[in-house]
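What follows is the residue order along each chain.
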Amino acid sequence: MTLASARDLIAAASAAGTGIGAFNVIHLETAEGLVRASERSQLPVILQISQNCADYHGGLEPIALATLAVARRATTPVAVHLDHAERPELVDEAIALGFGSVMFDGGALPYDDNVALTAAVAERAHAAGVYIEGELGEVGGKDGAHAPGVRTDPDEARAFVAATGVDALAVAVGSSHAMTARTASLDLELIARLHAALAVPLVLHGSSGVADAVIADAVRAGMTKINVSTHLNGFFTRAVRERLSADERLVDSRKYLAPARDALAAEASRMLQLFALQDVAVRS
């Protein structure tokens, strides 16, 4: 199947009042597992490569080309997206490599600086026909600190979208990155207000720390793109530990990465169904 457009996938979910999963790629096995999840659930998925992931692989190109190849071979709609790029040159590289969507993250900058830099990056992305996501309101640190007081103001968000021209907006509504416990409390009333104030889809970052029922409520309140990484990484890593513990003589990495890939695919498939508001077994 031809590589899907995140623009089309997000627009379709927004129009239907459902959510779409945007899951982070760590390595090739992650990308393969996420595509299997899409095919298993028969639902579209967005594969995300973050700036941190690109740096881990020594540059964006190697992991990007592998992920794009896996996405193109899928039998279901799969898009590839650049996540949390804080360096404008990384956005330019992603566009050149064939990404259909990018996120420029200026959320930690002062408001005026965020507007100016995001607008400049958005202009270049749009000139290339690429969908761009921006961020307003600090979502929470990679150190896992949960900052319940940080929120995105709807009026400021409306002004930010108008000034930058972004196509989607990541907002701070109570989630935090890298949480391993699903205890975050989302401000559903604020999500509804942001949804009413903006003509662009809303993006929830830090969704690993949010329980299933709360994510479903957030989708109903107006969230569209739901980003998940740490939660799925946990399924992958636990499967690796179990396999290695079961056979201390094991040295072929394929023997423990394959079950880990399968475990990630199963949970990612379930989450795609959850975000699509389908009947699915719920985890707390």
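Above this text sits the structure in question.
Computed from a prediction, not measured in an experiment: that's the story for all the values here.

A.B. asks: Sorry if this is basic, but what is going on with the sheet that holds strand β5 (residues 131-136) here?
C.D. replies: Note on sheets: strands pair through backbone hydrogen bonds, and any given pair is parallel or antiparallel. The eight strands are arranged β1-β2-β3-β4-β5-β6-β7-β8 in a closed barrel whose pairing can be described as parallel. When strand polarity is set aside, the average angle formed by the axes of neighbouring strands in this sheet is 25 degrees. Bridge analysis of strand β6 (residues 168-171) against strand β7 (residues 202-204) gives two bridges, and the strand direction is parallel. The partner of L169 across the bridge, within β7, is L202. Packed onto the sheet, helix α6 (residues 111-127) meets β4 (101-104) and β5 and runs at close to 175 degrees relative to β5. Lying on the sheet, helix α11 (residues 254-275) is in contact with β1 (20-24), β2 (45-50) and β8 (223-228); it crosses β1 at an angle near 145 degrees.

A.B. asks: Would you mind showing me how to read the nonpolar core here?
C.D. replies: Buried together is how nonpolar side chains tend to be arranged in soluble globular proteins. Residues F23, L60 and F99 are the most contacted members of the largest nonpolar core, which totals 78 residues. Ranked by the residues each element gives to this core, the list is headed by α11, at nine residues. Residues within four places of L60 in sequence aside, it is in contact with I49, A54, L82, L90, E93, A94, L97 and F99. In terms of nonpolar packing, the next biggest core, distinct from the first, is built from 14 residues, A6, I20, A79 and A168 among them.

A.B. asks: Would you explain the side chain of D167 in this entry?
C.D. replies: Summarising the element assignment, D167 is placed in the loop between α7 (154-164) and β6. R7 is the oppositely charged side chain nearest to the buried, salt-bridge-free D167, at an N-O distance of 4.1 Å. A polar side-chain atom of D167 sits 2.9 Å from a polar atom in the side chain of H126. Residues within four places of D167 in sequence aside, it is in contact with R7, H126, V130, Y131, I132, V200 and P201.

A.B. asks: Explain unusual backbone geometry to me, please; I cannot follow it from the model alone.
C.D. replies: Trans is the prevailing form of peptide bonds, just as negative phi is the prevailing case for residues other than glycine. Its identity is not glycine, yet Q42 carries a phi of approximately 60 degrees, on the positive side. In this fold, Q42 is placed in the loop between α2 (28-41) and β2. Unlike most non-glycine residues, H84 shows phi in positive territory, near 50 degrees. Position of H84 among the secondary structure elements: in strand β3 (residues 78-85).

A.B. asks: Explanation requested: the pairing of β4 in the structure shown.
C.D. replies: Two faces, one strand: in a regular strand the side chains alternate between the faces of the sheet. With burial as the criterion, each face of β4 is covered, one bearing S101 and M103 and the other bearing V102 and F104. As for the winding sense of the linkage, the β-α-β connection from β3 through helix α5 (residues 88-97) to β4 is right-handed. Here β4 pairs with β5 via three bridges, running parallel. Among the inter-strand pairings, V102 is bridged to a residue of β5, identified as I132. Crossover handedness for the path β4 to α6 to β5: right-handed.

A.B. asks: Is there a simple way to think about the packing of aromatic side chains in this case?
C.D. replies: For any two aromatic rings, the description comes down to two numbers: the centre-to-centre distance and the angle of the planes. Within this structure, the stated rule accounts for two aromatic pairs. Both rings, one in F23 and one in F275, keep their centres 6.2 Å apart while their planes meet at 55 degrees; by these two values the pair is tilted. Note that F23 is positioned in strand β1 and F275 in helix α11, a separation of 252 residues in sequence. Exposure remark for F23: the relative accessible area of 0% places this residue in the buried category. Relative to F160, the ring of Y111 has its centre 6.3 Å away and its plane inclined at 55 degrees; by these criteria the two rings are tilted. Taken together, the residues span a long stretch of sequence, with Y111 in helix α6 and F160 in helix α7 at a distance of 49 residues. The ring of F235 has R238 sitting right over it, with the charged end atom 4.8 Å from the ring centre.

A.B. asks: Any chance you could explain the environment of F236 here in plain terms?
C.D. replies: With respect to the secondary-structure elements, F236 resides in helix α10 (residues 230-246). Owing to a relative accessible area of 8%, F236 belongs among the buried residues under this scheme. The spacing of F236 and A196 is 40 residues in sequence and 37 Å in space, taken between C-alpha atoms. Apart from the residues within four sequence positions on either side, F236 is in contact with H27, E29, L257, A260, R261 and L264.

A.B. asks: Whenever I open this one, helix α9 (residues 212-221) confuses me. Can you help?
C.D. replies: Since one α-helical turn is 3.6 residues long, residues separated by three or four positions face the same way. Within α9, burial applies to D212, I215, A216, A218, V219 and A221. Next to the buried residues of α9 lie α8 (188-197), β8 and α11. Phi turns positive one or two residues past the end of α9, at G222, with a value near 135 degrees.

A.B. asks: Quick question: what am I supposed to make of the environment of S14 here?
C.D. replies: With respect to the element layout, S14 can be found in helix α1 (residues 6-16). Given a relative accessible area of 32%, S14 falls into the partly exposed group.

A.B. asks: In this structure, what is going on with the environment of S185? I would like to understand it.
C.D. replies: Along the polypeptide, S185 turns up in the loop between β6 and α8. Using a relative accessible area of 53% as the deciding quantity, one classes S185 as exposed. Separated by 76 residues in the primary sequence, S185 and L109 place their C-alpha atoms 25 Å from one another.

How each quantity is defined
- Residues numbered from 1 in each chain as written.
- Predicted model: local features only at pLDDT ≥ 70, side-chain atom pairs only at ≥ 80, totals over all residues.
- Heavy atoms only, no water.
- Pairing = 2+ DSSP bridges.
- Helix = DSSP H or I, 4+ residues; strand = E, 2+ residues; numbered from the N terminus.
- Axes fitted to C-alpha atoms, helices over the stretch in contact; angles between N-to-C directions.
- Contact = heavy atoms within 4.5 Å.
- Core = buried A, V, L, I, M, F, W, Y, C linked by side-chain atoms within 4.5 Å.
- Buried < 20%, exposed > 50% of the residue type's maximum accessible area, 1.4 Å probe, protein only.
- Lys, Arg positive; Asp, Glu negative; His and termini not counted.
- Salt bridge = Lys/Arg side-chain N within 4 Å of Asp/Glu carboxyl O.
- Polar contact = N/O pair within 3.5 Å; in protein donor to acceptor, adjacent residues only side chain to side chain.
- Right-handed = clockwise from strand over helix to strand, strands pointing away.
- Phe/Tyr/Trp six-rings, centres within 6.5 Å; stacked < 30°, edge-to-face > 60°.
- Lys NZ or Arg CZ within 6 Å of the ring centre and 35° of its normal.

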